[in-house]
Amino acid sequence: MSARDVVIDLLVGLGVGTELLCCVGLVVMRDVYDRLHYVMAATTVPPFLLAAAVIVEEDWTQPGINALVVAIALFVLNPVLAHATARVARSRRG
């Protein structure tokens, strides 16, 4: 096992671990606003960790660039979707 394999395994492990933590937080929280924090966290750091693992594995080829574009799209669109969800939750609350 080379150092490159260790780095890839570490990045994937951290990405999956943080996603699982966000999923557990999403299930445990009762309020929609608290759940929103875990949803936002799930789409910020873990996609970049997984994209970094793909880039380390594939270098700067098409799969690596695609993974990075998806991570950036999630990072940019996440605040917009979270804000819209919070507004709808607030308006339905009464």
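Every chain begins its residue count from 1, and numbering advances along the sequence as written. Side-chain atom pairs in this predicted model are given and counted only at pLDDT of 80 or more, local residue features only at pLDDT of at least 70, and totals for whole chains, interfaces and linings cover all residues. Each side-chain value is derived from all of the structure's non-hydrogen atoms; neither hydrogens nor water enter the calculation.

1. A word on the side chain of Asn78
Moving on, step 1. Each helix corresponds to a stretch of at least 4 residues labelled H or I by DSSP, and each strand to a stretch of at least 2 residues labelled E; elements are numbered beginning at the N terminus. Topologically, Asn78 is positioned in helix α4 (residues 62-93).
Moving on, step 2. At 3.1 Å, the side chain of Asn78 forms a polar contact with the backbone oxygen of Met40.
Moving on, step 3. Any two residues having at least one pair of non-hydrogen atoms within 4.5 Å are treated as being in contact. Those residues in contact with Asn78, other than ones at most four positions away along the chain, are Met40, Thr43 and Thr44. In protein, a polar contact means a hydrogen-donor-capable atom and an acceptor-capable atom, both N or O and within 3.5 Å, with residues adjacent in sequence counting only if both atoms are side-chain atoms; elsewhere, any N or O pair within 3.5 Å suffices.

2. Looking at the packing of aromatic side chains
Moving on, step 1. Pairing of aromatic side chains requires ring centres within 6.5 Å, counting the rings of Phe and Tyr and the six-membered ring of Trp. Pairs whose planes differ by under 30 degrees are stacked, by over 60 edge-to-face, and all others tilted. Here the structure, examined in full by the defined rule, presents 1 aromatic pair.
Moving on, step 2. A ring pair is formed by Phe48 and Phe75, whose centres lie 5.7 Å apart and whose planes are at 75 degrees; its orientation type is edge-to-face. With a gap of 27 residues between them, Phe48 in helix α3 (residues 45-58) and Phe75 in helix α4 connect regions that are remote in the sequence.
Moving on, step 3. Think of it in three bands: residues with accessible area under 20% of the maximum for their type are buried, residues over 50% are exposed, and the middle band is partly exposed, with areas taken using a 1.4 Å probe on protein chains only. Owing to a relative accessible area of 30%, Phe48 belongs among the partly exposed residues under this scheme.

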